[in-house]
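Breakdown of the fold
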Amino acid sequence: MGEFKVHRVRFFDYMPSGIRALAFNRDIERIAVARMDGSVEVFHCSDRFFQEKIIPGREQCGIEGLSWVGERLFSAGLNGGITEYDLTNQKVKYTIDAYGGPIWTIAGNQQGTHLAVGCEDGTVKLFEVNEDKIQFERNLDRQKSRIISLSWHPSGSKIAAGMMDMIQIFNVETGHSVHRLLADRGVGTSRSKECVVWSVVYLSDGTIISGDSVGMVKLWDDQTGTLIKSHNVTKCDVLALSVSQNEDSLVAGTSEGTVVQFQFISMVLGKDDKEWVRTRTFKNHTHDIRAVAEITTAVVSGGMDAQLVVRPLLDKVEVRSAASALRKIHFPHRRLVSCARKSGLMLFQYPGHLELWRLGESEGKGSSLFVKRNPEKLLHLKVKGEDHIRCSAVSPCGEWIVYSTASKLRENTLHGLKHFLFLFFQISKLPMVLSSANQLCFSSDSSHLFSASAQSSVHIASLSQSGCKFVGTLKPKSGSHQAIHLLAASEDGKWLASANSDHEVHIYNLQTRKAHCTVPVYSSAVTAMGIHPTTNCLFMMYADQQMCEYSIEQKQYTDWSRTVQRKGLHRFWMERDTPCLNVMFNPQNPSHVILHDTYMLCIIDQSLPLPDDKTQFYNQLTLKSLPEEQRKSHSHAFKVCKTFKDILCVELMSDQSLVVVERPLEDVASQLPAPIKQKKFAT
C-alpha cells in the first residue's frame, strides 16, 4: 500500500447547521433541504442521494419552509420574504416581501398555479405563480393568531391552516373560513398552555391529519368538522408530518428524535374497511426532528442534530441493494479544506470566515511521532457583508487566497516575513468578469486562477505581484447552462477539466484556450476527479461508486478503464454509501491512485489485478500473515485503510506526507444543544 507520514488534523471545528425544512419533488426525484443558517441543498434521490446543488445562506436569514412548484423552488422565513432560487446558477433569483410579518409556513398547490404562506399577522396570503415571478393575489380571512402550518387539498379548492388551539379550513374561491376545528390542550398542567398545531396534511378524501404540541396525531373530517380519531404518539411535540403519494402511509417526526409511521390498512383480513394504524417507530436522531418527507421508497428526516437520515421502507423496496440501505449524511459532498501542497498551509472554510493554518512538524520514527512544532493559526479572515462563502482556495505556493460568495469574489495575497509573520493584502481591483464563482482552482505553479462562472464557463486570470489580470474565458461546445461543481488542472499547466450538474465533463487546452474534447456523459454525477501528472489521463469518480480513466490526448477511455467496465468492481466497493471527495496521485509510484470518502482512504494500484466478488476485499491483515513470496499472488488493486473516521479532506503534500482532516461526530454532538431529557430505565 505504501508508507506515508500522516498529519492527523482535528482542529477544523466545522459545525454543520441543523435542518429546518424538507421538500420532495417526485417528478424530478430531487429533495431540497433548508438549514438553519439559511443555506439550501438539493439532493438527487435516484443518484445515491448525491448533494447536487448548494445555495449558501446569509446572516439573519432563517428559513421556515420550502415548496416546489414544478421544477421551481421557493422558500419563506422569519424575515417576512418569499424567495425563489435560480437552481441552474445556484443562487437566489429574487425575494419579495409578503407584508405579513414573519412567515411560518409555505405550501404550493398540486396544480402549480398558486403559493400560500402563513404569516405572523394571522393571514394566509395567496400568490399566483407566473412564468417569471410570483405575484400577490389576495388574503384569506384574517385570524387572531399566527398561522403555523398549511396544507392544500389535492383539488386546490380548500386550504387547512394550523394555528394556536385550532385548525381553520378555508374555501380558496371565496377566501372565507368554512370550518373551525378545536384542538384539545391535553390533561393536567398542560391545559394551561396553548396547543400549537405544528403540521397539517390534507388528504383527497377530505381527511385532515394534524400533529401538535400535545404529542397527538389527530384525524379530522372536513365535512362535519369533527374529530375522527386521536393517536397519542409522544409526551412531547409532533413537529412534522408527511404523507405518501398514494395516501396509504403517513410519517410523523417528534421532538424526541423518533419517526413514527402510520399506515392506512384493513384491520380484518378480507374486509375493505380501512383505518390509520400506527405500525413502525424509527429512532435515528438524538434531537428534535424538524422535517420529514416520505419519498418513493424511503423516509427522509432531519432536525437539530444536523444529519439527513434516509430510512428505507422495506415493504416498498423491490430489490435489496446499496441504494436501499440506511443512509446518514453528516457533511457536505464538497471540499471545505484547501491545502497549499508546496508550503504546508491549510485553508479551512466556515460559512462566515476563513482560517489559514500552518502544519506542525514531527521527528522520530514509528507509528506515532513526536511533535516538534505544533500547528499554528496564521490568519482569521472574516467575510464582508451578509453572504456566506460559496467556495475558497489557497494557491500551492501559499501566497494567494481566494474566496467567493454568491455575489462577490475576493482575492488576497500573503507575503512571508522571516518564519512566522505574514503581511496580508487584499487585491482591491479585480476584473469585473470575476464577479462571483461556483468553484475555484489554481494552476500547479500558482501563476493562474481558474474561476467557474455561469453557463458552465471558466474564466482565467493571471497572477503576479502587481495583481490579478483577466486572460480569457473557456466555454463548452454543448451550450450547457448548469453550474460547474468541480475543476481539475494538470500538473504541466496544459489541461483543465470541468464537471457540471448535467453530468458533463469538458476538457480544455490552456495553451490554445479552446475546448479540446468532452468525456462521454454518464448517468451518475462526477464527485471527484484529477489529472495524472505523468500520463495526463483524467481519473473520475461517480456518485454510484463507478470509476473511469480517460486519456485526454487520445480522447478515449484507457485500457485499464475498459477492463474495469468489463469485469466490474467488487460488491463491497459498490455498497459504500458516501461519495469519493478527492482524487490524488503519487509521483513516486505512477500506478497508484489515492481516493478517499468520509470513512476510508484507498490506494488503487493499477498494476495489480482487479478483485472479483469471490476475492477477499479487505485483505491487508491476510497479506501480512503470508510469507513475502506469496503476497503477490494474493494481492489485488484495492488497498483500503479505515484507521481514520469522519474524514473531511485528504491531501498529498509535496514532501510525500498525507494531510488527513477529521471531524469526529462525537465532537459535533458535544456542541449541540441538550436534547429533551427522557427518563431511562432504572434511573
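All residue numbers refer to position in the chain's written sequence, counted from 1. Predicted model: local features are reported for residues with pLDDT of at least 70 only, side-chain atom pairs are reported and counted for 80 or more only, and whole-chain, interface and lining totals are derived from all residues. Side-chain metrics rest on all non-hydrogen atoms present in the structure, leaving aside hydrogens and water.

Here the focus is the packing of aromatic side chains. Paired rings are identified among Phe, Tyr and Trp, the last through its six-membered ring, by centres lying within 6.5 Å, and are further divided according to the angle between planes into stacked (under 30 degrees), edge-to-face (over 60) and tilted (the rest). Evaluation of the coordinates by the stated rule reveals 14 aromatic pairs. For the pair Phe-127 and Phe-136, a centre-to-centre distance of 5.5 Å together with 70° between the ring planes defines the contact as edge-to-face. Each residue is placed in one exposure class: buried if its accessible area under a 1.4 Å probe, protein chains only, is under 20% of its type's maximum, exposed if it is over 50%, and partly exposed if it falls in between. Take Phe-127: its relative accessible area is 2%, and that puts it in the buried class. On the accessibility criterion, Phe-136 (41% relative accessible area) is partly exposed. An aromatic cluster of at least three residues, connected via ring pairs, comprises Phe-11, Phe-12, Tyr-14, Phe-331, Phe-348, Tyr-350 and Trp-357. Residue placement shows Lys-133 over the ring face of Tyr-94; its charged tip is 5.3 Å from the ring centre. Here, a charge over a ring means that NZ of Lys or CZ of Arg falls within 6 Å of the ring centre while also lying within 35 degrees of the ring normal. One Lys or Arg, Arg-576, reaches over the ring of Trp-573 and ends 4.0 Å from the middle of that ring.

A run of DSSP states H or I qualifies as a helix once it reaches four residues; a run of E qualifies as a strand once it reaches two. Both are numbered from the N-terminal end. Taken together, the buried positions of helix α1 (residues 559–567) are Trp-560, Ser-561 and Val-564. Each buried residue of α1 sits inside an arc of 100° when the element is viewed along its axis, so together they form one side. Opposite the packed face of α1, turned more than 90 degrees from it, sit the exposed residues Asp-559 and Arg-566. Along its buried surface, α1 packs onto β49 (537–542), β50 (547–551), β51 (556–557) and β54 (601–605). Residue Gly-568 follows α1 closely and has a positive phi angle near 85°. In this context, the arc is that of the directions from the helix axis out to the C-beta atoms. Contacts: residue pairs with any heavy atoms within 4.5 Å of one another.

This part takes up empty space enclosed by the protein. Residues are said to line a cavity or pocket when one of their atoms sits within 4 Å of a point; the points come from a 1 Å grid over protein atoms alone, cavities being sets where a 1.4 Å probe fits but cannot get out and pockets being open sets with protein on both sides within 12 Å along at least five of seven lines. Grid points are joined across faces, edges and corners, and a volume is the space filled by probe spheres set on the points. Counted by the stated rule, this structure contains 5 cavities of 30 Å³ or more. Considering the residues around the largest cavity, the lining is formed by 15 residues, among which Ile-329, Phe-331, His-333, Thr-578 and Thr-598 are closest to the centre. Looking at the lining of the largest cavity residue by residue, the class counts come to 7 nonpolar, 4 polar and 4 charged. Residue polarity follows a fixed list, in which Ala, Val, Leu, Ile, Met, Phe, Trp, Tyr, Cys and Pro are nonpolar, Asp, Glu, Lys and Arg are charged, and the others, Gly among them, are polar.

Just to be clear on terms, a salt bridge is a Lys or Arg side-chain nitrogen sitting within 4 Å of an Asp or Glu carboxyl oxygen. Applying the stated rule across the entire model yields 19 salt bridges. A salt bridge links Asp-13 to Arg-663; the shortest N-O distance between them is 3.9 Å. Residue Asp-13 is located in the loop between β1 (5–9) and β2 (19–25), and its partner Arg-663 is located in the loop between β57 (657–662) and α5 (665–670); the two are separated by 650 residues in the primary sequence. Residue Asp-13 is classed as partly exposed on the basis of its relative accessible area, which comes to 43%. Among the residues examined, Arg-663 registers a relative accessible area of 1% and is labelled buried. What you see here is one network of salt bridges that share partners, running through Arg-8, Arg-10 and Glu-662.

All we've got here are geometric facts, nothing functional implied.
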